[in-house]
Amino acid sequence: MKIALIGVGQAGGKVADAILEYEAASRADFVTDAVAINSATADLLGLTQIPVDNRVLIGQSRVKGHGCGADNELGVTVAQEDIDEIRGAINDLPIHEVDAFFVVAGLGGGTGSGAAPVIARELSRLYTEPTYGLGVLPGSDEGGIYTLNAARSFQTFVREVDNLLVFDNDTWRRAGESLHGGYAAINQEIARRLGVLLTAGEVSNAPVPESVVDASEIINTLAGGGVTTIGYANSELERASRGLFGRREAAPDATDVVNRITTTVRRATLGNLTLPANVQSTERALVVVSGPPKYLNRKGIEEARRWLEEETGTMEVRGGDYPIPESNYVAALVVFAGVTDVPRIKELQQIGRETQQNLEARAAERPEALRDLVWGDEGGLDPLF
């Protein structure tokens, strides 16, 4: 599946950079081109993978290249005012080669959370290809204003895209981890999961998958809108000696192959999802199993699909394999699209509402408090003029 990648804001640009790094390291080819859009000059200069000519600075007349300062209403404004410049950068992409657009943004800041929905709406208006969002939720320890931004951006972003893939920082940040190291690891995990999904249909070289997961399978899984979460797990293979005279090791037992596939799919489903959710609320699902060809078989994929149908309660479960001859792992990636039972989103919205009410209450009190500070309880002094 070929995508046009658009990173918006600081986090969005860094995630887009990480996706391009993954693509280069895995020698895949799923990003036709990438654009970074930001209101902060320093953030654009810090990117390493997106070409300089594809970095768009917006909002110069308002914020002078210093960013939106966690004000996502300002992020909306600068994107709307500079939409012609954004549209021009996207029009320069090889659209005829693109199966879908991916708009990537952190939802807690100013530029990304505000501008990403504006850009997604413009893409949906201009092009027939689907527009997907990839939104990163801030950690609950990052502060109320970032949670409020994320809550407001989420409900806007999900409405403007064909599907919103969500990654929750709370699930992935480890205790004691440095800010830089933690976010870098999270960005790499996002890149790996998206990369595995989008490269699964590459069949230009042998061996050819028994069941190909191509662009139409992904698009049909993500059809219908809503929120998507992605699970991933792998199982390391034991390295066997080649034996006397370099003879190849024996083929693995067929039953062991099936059991390994189904176990790995279960771990991907019940382990760390990008966004914790009750998978029984899934509308559509897709599973991709990768690894050396002799560790993949049709029966294992079918067993995994049947288990997913039972676990999710939906009959709309697609699946396939992706042979990687040199791999030392059997890996499973599972996409759960249209999930509706997501406690983290409910918590986010609740905290966002409380933060907004608190800000409104303090704003109402401020004029009276300022009057008391300036004039005092005993009456005012005469002003100079």
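Residues numbered from 1 in each chain as written. Predicted model: local features only at pLDDT ≥ 70, side-chain atom pairs only at ≥ 80, totals over all residues. Heavy atoms only, no water.

*Asks:* Quick question: what am I supposed to make of the pattern of salt bridges here?
*Replies:* Between side chains of opposite charge, pairing is possible as soon as their charged atoms come close. For the coordinates displayed, the defined rule picks out 17 salt bridges. One salt bridge in this structure joins glutamate 73 and arginine 152, with 3.0 Å as the shortest N-O distance. With glutamate 73 in helix α4 (residues 72-81) and arginine 152 in helix α7 (residues 144-160), this pair connects stretches of sequence that are 79 residues apart. Relative accessible area serves as the criterion here: at 48%, glutamate 73 is assigned to the partly exposed category. A salt bridge links aspartate 170 to arginine 344; its shortest N-O distance comes to 3.5 Å. Separated by 174 residues along the polypeptide, aspartate 170 in helix α8 (residues 169-172) and arginine 344 in helix α13 (residues 343-375) bring together distant segments of the chain. (Salt bridge = Lys/Arg side-chain N within 4 Å of Asp/Glu carboxyl O. Helix = DSSP H or I, 4+ residues; strand = E, 2+ residues; numbered from the N terminus. Buried < 20%, exposed > 50% of the residue type's maximum accessible area, 1.4 Å probe, protein only.)

*Asks:* I would appreciate a short explanation of the environment of leucine 57 in the present structure.
*Replies:* Within the secondary structure, leucine 57 is located in strand β3 (residues 55-57). On the accessibility criterion, leucine 57 (17% relative accessible area) is buried. In this structure the C-alpha to C-alpha distance between leucine 57 and glutamate 122, which are 65 residues apart in sequence, comes to 18 Å. Ignoring any residue separated from it by four or fewer positions in sequence, one finds leucine 57 in contact with Asn38, Ser39, Ala40, Thr41, Leu44, Gly65 and Glu85. (Contact = heavy atoms within 4.5 Å.)

*Asks:* Explanation requested: the sheet that holds strand β7 (residues 227-236) in the structure shown.
*Replies:* Whether parallel or antiparallel, the strands of a sheet pair through hydrogen bonds between backbone atoms. Reading across from one edge, β3-β2-β1-β4-β5-β6-β7-β10-β8-β9 is the order of the 10 strands in this open sheet, with mixed pairing throughout. Taken across any chain shown, the strands that pair with only one partner, and hence form the sheet edges, are β3 and β9 (317-323). Looking at each pair of strands side by side, their axes are set apart by 20° on average, direction ignored. In the packing of helix α10 (residues 215-222) onto the sheet, contacts are made with β5 (131-137), β6 (163-168), β7, β8 (284-291), β9 and β10 (329-339), and the angle to β8 comes to roughly 145°. Where helix α12 (residues 298-312) meets the sheet, its contacts fall on β8, β9 and β10, and the angle it forms with β9 comes to roughly 145°. (Pairing = 2+ DSSP bridges. Axes fitted to C-alpha atoms, helices over the stretch in contact; angles between N-to-C directions.)

*Asks:* Would you mind showing me how to read the nonpolar core here?
*Replies:* Soluble globular proteins tend to pack their nonpolar side chains together in the buried interior. The biggest cluster of nonpolar side chains holds 65 residues, and the ones touching the most others in it are Ile90 and Val265. With 6 residues, the single largest contributor to this core is helix α6 (residues 111-126). Residues within four places of isoleucine 90 in sequence aside, it is in contact with Ile6, Ile95, Phe101, Ile119, Leu123 and Tyr127. Grouped together as the second largest cluster of nonpolar side chains are 47 residues, Leu5, Ile50, Val136 and Ile230 included. (Core = buried A, V, L, I, M, F, W, Y, C linked by side-chain atoms within 4.5 Å.)

*Asks:* Can you help me understand unusual backbone geometry in this one?
*Replies:* Excluding glycine, residues mostly carry a negative phi; peptide bonds, for their part, are mostly trans. Of note, lysine 64 is a non-glycine position whose phi angle comes to about 55°, a positive value. Residue placement: lysine 64 occurs in the loop between α3 (60-63) and α4. Of note, alanine 70 is a non-glycine position whose phi angle comes to about 65°, a positive value. Mapping alanine 70 onto the fold places it in the loop between α3 and α4.

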